[in-house]
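In case you want the letters, here they are:
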Amino acid sequence: MKYEKLAQTYDELSSTTKRLEKIGILSKFLKQLKEEDRDVLYLLLGDIYPEYDERRIGISNQIAIKSIAKATGSENKDVVKKWKEIGDIGKVAEVLIAKKKQSTLHKNILTTEKVIENLRKLPDLVGKGTVNKKLSLITELLTSASPIEALYLVRTLIGDLRIGIQESTVRDSLAEAFFERNKESTEKIQHAIDKTNDVAAVFDVIKKNGKLKDLEKLQLQVGKPIKVMLADKAKTIEEAFKKVGKPAAIEYKYDGFRLLAHKTGDSVILFTRNLENVTKQFPEVIDYIKKYVKGDSFIIDSEAVGFDKKTKEYKPFQEISQRIRRKYDIEKIQNELPVEINVFDILYYNGKSLLDEPFEKRTELVSKIVKNHPYKIIRSKKIVTSDEKKAKEFYEMALKDNQEGVMFKNLKAEYQPGRRVGHMLKIKPEERDLDLVITGGEYGTGRRGGWLSSFILSCRVDSAGKTFTEIGKMGTGIKEKATEETDSGISFHELTEKLKPYFKKENGKMVEIKPKIIISVTYQEIQKSPNYNSGFALRFPRFTALRPDKPLSEVSSLKEVKKDFENQKRNWRYG
Ligand code: AMP
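For every chain, the first residue of the written sequence is number 1, and numbering continues from 1 along that sequence. In keeping with the model being predicted, local features are shown solely for residues with a pLDDT of at least 70 and side-chain atom pairs are shown and tallied solely at 80 or more, while totals for entire chains, interfaces and linings include all residues. Based on all heavy atoms of the structure, the side-chain values leave hydrogens and waters out of the count.

1. Observations regarding helix 7 (residues 112–121)
Here is the rule we go by: Exposure classes here rest on a 1.4 Å probe applied to the protein chains alone. A residue is buried below 20% of its type maximum, exposed above 50%, and partly exposed in between. Every helix listed is a DSSP run of H or I at least four residues long, and every strand listed is a run of E at least two residues long, numbered separately from the N terminus. Whether two residues touch is decided by their heavy atoms; if any such pair falls within 4.5 Å, the residues are in contact.
For helix 7, the full list of buried residues reads Thr112, Val115, Ile116, Asn118 and Leu119. Of the surrounding elements, those touching the buried residues of helix 7 are helix 1 (3–14), helix 3 (40–44), helix 8 (130–144) and helix 9 (147–157).

2. What to know about the environment of Ala464
Its location among the elements puts Ala464 in the loop between strand 13 (452–460) and strand 14 (468–474). The class of Ala464 is partly exposed, set by a relative accessible area of 28%. Excluding its chain neighbours within four sequence positions, the residues that come into contact with Ala464 are Gln166 and Ser553.

3. Examining the confidence of the model for the protein
What counts, and what does not: You can read pLDDT as the predictor saying how much it trusts each residue, on a scale of 0 to 100.
Counting all residues, the mean pLDDT for the protein is 92, and 95% of those residues have values of 70 or more. This stretch, residues 570–575, has a pLDDT under 50; its non-local contacts, to residues over four places away or in other chains, come to one contact.

4. Regarding the domain arrangement of the protein
Spelled out, the test is: In this document the domain limits rely on a domain assignment from an automatic tool or a database.
Each assigned domain of the protein is listed with its residue range as follows: domain 1 (47–157), domain 2 (230–427) and domain 3 (432–567). The centre of domain 1, based on its C-alpha atoms, is set 31 Å off from the matching centre of domain 3.

5. Topic: the nonpolar core
Note the following rule: The nonpolar core is taken to be a set of buried Ala, Val, Leu, Ile, Met, Phe, Trp, Tyr and Cys residues, with the residues joined through side-chain atoms within 4.5 Å.
Counting residues in hydrophobic clusters, the biggest one holds 73 residues, and the most contacted among them are Tyr10, Leu119, Tyr152, Ile189 and Leu215. Considering every element that reaches this core, the biggest residue donor is helix 9, with seven residues. Ignoring sequence-local partners within four residues, the contact set of Tyr10 consists of Tyr3, Leu43, Leu44, Tyr152, Thr156, Leu161 and Ile163. Judged by nonpolar contacts, the second largest core, of 32 residues, contains Phe282, Ile320, Ile346 and Val366.

6. Concerning the side chain of Asn410
Worth spelling out the cut-off: In the analysis that follows, any N or O atom pair within 3.5 Å is treated as a polar contact, provided that within protein one partner can donate a hydrogen and the other can accept it, and provided that, for residues neighboring in sequence, both atoms belong to side chains.
Positionally, Asn410 belongs in strand 10 (residues 405–410). Among the polar contacts made by the side chain of Asn410, one reaches the main-chain amide nitrogen of Lys412 at a distance of 2.7 Å. If we ignore the near neighbours within four places in the chain, the residues touching Asn410 are Val244, Phe359 and His423.

7. Focus on the environment of Ile68
Its location among the elements puts Ile68 in helix 4 (residues 61–72). Judged by relative accessible area, Ile68 falls into the buried class, the value being 1%. Sequence spacing of Ile68 and Ala93 is 25 residues, and the spatial spacing of their C-alpha atoms is 6.0 Å.

8. Comments concerning unusual backbone geometry
The step from Lys246 to Pro247 runs through a cis peptide bond, and the omega angle for that step is -10°. Here Pro247 lies in the loop between helix 13 (237–244) and strand 2 (248–253). Of note in the backbone geometry, Leu275 takes a positive phi value of approximately 65° without being a glycine. Secondary-structure assignment places Leu275 in the loop between strand 4 (267–271) and helix 14 (283–292). Of note, the phi angle at Asp329 is positive, near 50°, even though the residue is not glycine. Among the structural elements, Asp329 can be located in the loop between strand 5 (297–306) and helix 15 (330–336). Among the residues examined, Asp329 registers a relative accessible area of 43% and is labelled partly exposed.

9. Structural notes on the site of the ligand
This is how it is decided: Any residue with a heavy atom lying within 4 Å of a molecule or strand is counted as near it. Only the protein chains shown count as cover for residues, and all accessible areas are computed by the Shrake-Rupley method using a 1.4 Å probe. When residues are grouped by polarity, Ala, Val, Leu, Ile, Met, Phe, Trp, Tyr, Cys and Pro land in nonpolar, Asp, Glu, Lys and Arg in charged, and all others, Gly among them, in polar.
Within the structure, the ligand sits among 14 residues, and Glu251, Arg258, Glu303, Lys409 and Lys426 are positioned closest to it. Take Tyr254: an N or O atom from its main chain is 3.0 Å from a nitrogen atom of the ligand. The contact in question runs from an oxygen atom of the ligand to an N or O atom on the side chain of Arg258, over 2.8 Å. Protein contacts shield 95% of the accessible area of the ligand, which totals 500 Å² for the unbound molecule. A total of three residues in the shell around the ligand trace back to one element, the largest contributor, which is strand 2. A class-by-class count of the residues in the shell around the ligand yields five nonpolar, no polar and nine charged.

10. Overview of a positive patch on the surface
Selection criterion: A patch consists of residues whose relative accessible area exceeds 30% and which take part in no salt bridge; residues with like charges are grouped when within 9 Å of each other, and nonpolar side chains (Val, Leu, Ile, Met, Phe, Trp, Tyr) when within 5 Å. A side-chain nitrogen of Lys or Arg and a carboxyl oxygen of Asp or Glu constitute a salt bridge if their distance falls within 4 Å. Under the convention used here, Asp and Glu are negative, Lys and Arg are positive, and both His and the chain ends fall outside the count. By convention, the point assigned to a charge is CZ for Arg, NZ for Lys, CD for Glu and CG for Asp.
Side chains of Lys504, Lys505, Lys514 and Lys516 sit close together on the surface and give a patch of like positive charge. Note on placement: Lys504 falls in strand 15 (residues 503–507). The class for Lys504 is partly exposed, based on a relative accessible area of 37%.

11. Looking at empty space enclosed by the protein
Test applied: The pocket and cavity definitions rest on a 1 Å grid over protein atoms only: a 1.4 Å probe that fits but cannot leave marks a cavity, an open set with protein on both sides within 12 Å along at least five of seven lines marks a pocket, and residues lining either have an atom within 4 Å of a point. Grid points are joined across faces, edges and corners, and a volume is the space filled by probe spheres set on the points.
What the rule picks out here adds up to one cavity of 30 Å³ or more. Considering only enclosed or pocket space, the largest cavity measures out at about 40 Å³ in volume. Contributing to the lining of the largest cavity are Met229, Asp345, Phe359, Arg362, Lys409, Asn410, Ala413, Glu414, His423 and Met424. When contributions to the lining of the largest cavity are tallied by element, the ones reaching two or more residues are helix 16 (359–369), strand 10 and strand 11 (420–427).

12. What about the pattern of salt bridges?
Counted according to the given criterion, the structure contains 45 salt bridges. Arg38 is the salt-bridge partner of Asp204, the closest N and O atoms lying 2.9 Å from each other. Of this pair, Asp204 sits in helix 12 (residues 199–209) while Arg38 is found in the loop between helix 2 (19–32) and helix 3, placing the two residues 166 residues apart along the sequence. You can call Asp204 partly exposed: its relative accessible area is 27%. Looking at Arg38, the relative accessible area reads 22%, which means it is partly exposed. The partner of Glu140 in a salt bridge is Lys114, and the shortest N-O contact between them spans 3.2 Å. Taken as a pair, Glu140 in helix 8 and Lys114 in helix 7 lie far apart in primary sequence, 26 residues in all. Residue classification places Lys114 among the partly exposed residues on the basis of a relative accessible area of 23%. When salt bridges with common partners are traced through the structure, they connect Arg38, Asp39, Arg120 and Asp204 into a single cluster.

13. Quick notes on the sheet that holds strand 1 (residues 230–233)
Note the cut-off: Any two strands are treated as partners once DSSP identifies two or more bridges connecting them. Note on geometry: axes are lines fitted to C-alpha atoms, helical ones only across the stretch in contact, with angles between N-to-C directions running from 0 to 180 degrees.
An order of 1-11-10-2-9 is seen for the five strands of this open sheet, with the pairing classed as mixed. Each edge of the open sheet is held by one strand with a lone partner, namely strand 1 and strand 9 (382–385). Strand-to-strand twist of the sheet, defined as the mean angle between neighbouring strand axes without regard to direction, takes the value 35°. Summarising the sheet, strand 2 and strand 9 pair through four bridges and their orientation is antiparallel. When the bridges of strand 9 are listed, Glu251 appears paired with Lys382. Packed onto the sheet, helix 13 meets strand 1, strand 2, strand 9, strand 10 and strand 11 and runs at close to 155° relative to strand 11.

Next comes the structure, spelled out in structure tokens:
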């Protein structure tokens, strides 16, 4: 189809902030799509592949600027100048293409197929001459683009579409376009998306058969990552029992990172909760899965926890977090920072999805197929009880064992990928912490000159993790100097380097940063404050860990912040 049609739809979508209007516009557009236009669904979400695929467009502002210059016959510095004036590279492309178009007559018609074809070549380019190849692929598109097409092309390239569309908007628009939009249809479509992580695959089925029931044919596939089921919080054991029912399963809440292991035949693949493939980083885990878990094919859900080789004591997450990203010296780090896999759920077994089976049945299977081998792979420590005293003892034991707390689980509940559900609850000791994203920074002076020494923290506004609002500034908990590789924590220099690829704008000492790097912070108190957009400020925020395992959609939300603020007031009043 013509790319112009899509660009116009983007434009209409960005002209309203009202969700229902967006659904109206999008459903009208979806209705007109033909079967062969399926990939347009990825473009609508600013992507070129399904969510489970790790290939992303990943074009820097620098390359975008160079391509605009090349396509419009301008100098790089003029494009940069315009960018400083307008502050939006997409708009710069729009303006400069409009100028050029007045003086040229010929224009090829740009199609979505051509856009996808060129964009899909980008992530595969590596090695020598990559930049030039990227430039020519992008310039080819821009030279055929109309101003509005150029605007959205460039925004797609830099991953900032700004049309306010999330997966849930696409879900509701599919329901509106092809069925009656109600609880049943949106739920069925959501389930289909959850199982496939592929909106276009869901569109295929809808377009072909047009029946909601047919969506049930879409199933989990071993080897394709799925979103994990998320937990809610409970304050007390009493509250937790009330929510999940009695008896409940209570498990250790391990302080590690989520790991899903997929196995078919001889192949084992590991994914994080972020849908990131980490198979290469954990060769020993592959071994444990092959040796100690029975079954031809399965997907198991677990937490990987670090421990000290000598004392056998469990270590906090931040001490092993570097293993998730580490791509070299794997054997060395595997020896220094070993992990134990704690299996707590199973989603698929020998050709059959278990998502709809009750938790107690799924874990019964886990106990049949996972053999306990302490410090390699074990079944999560668990009791099933209705007794609050026993629950409390178990909770205290978990804390004594250096774990974060406990998880309460409803014995009858199904597994809901990607959902924060009321039938899996965590209880942790009352300490205040949040996971926030860095959206700005300030260069230091003196000893700290040359790198950022203070960081602007933001919490999440929408559920998808596209908009954020500032909640404070942090400089504590970060070290002056980088120390040993295996040392935990981070220095100002290291954190600045990590943030650099996401710098958006520099203004004197201040830098605006694209929300990407998520960190855990503790703090003493939340105060109302006019200094930050959120209306709140953290008192004494302190860095505790990088959270490369968390997606933006799991940054603490403004709602949570407000709730914490309210709770803290209540505690003061009565405590
Ligand atoms: P939070 O990250 O604080 O929202 O807590 C939820 C996380 O706890 C899950 O995503 C898991 O990574 C982790 N976790 C640790 N132990 C368990 C367990 N026994 N069952 C489920 N999740 C667990």
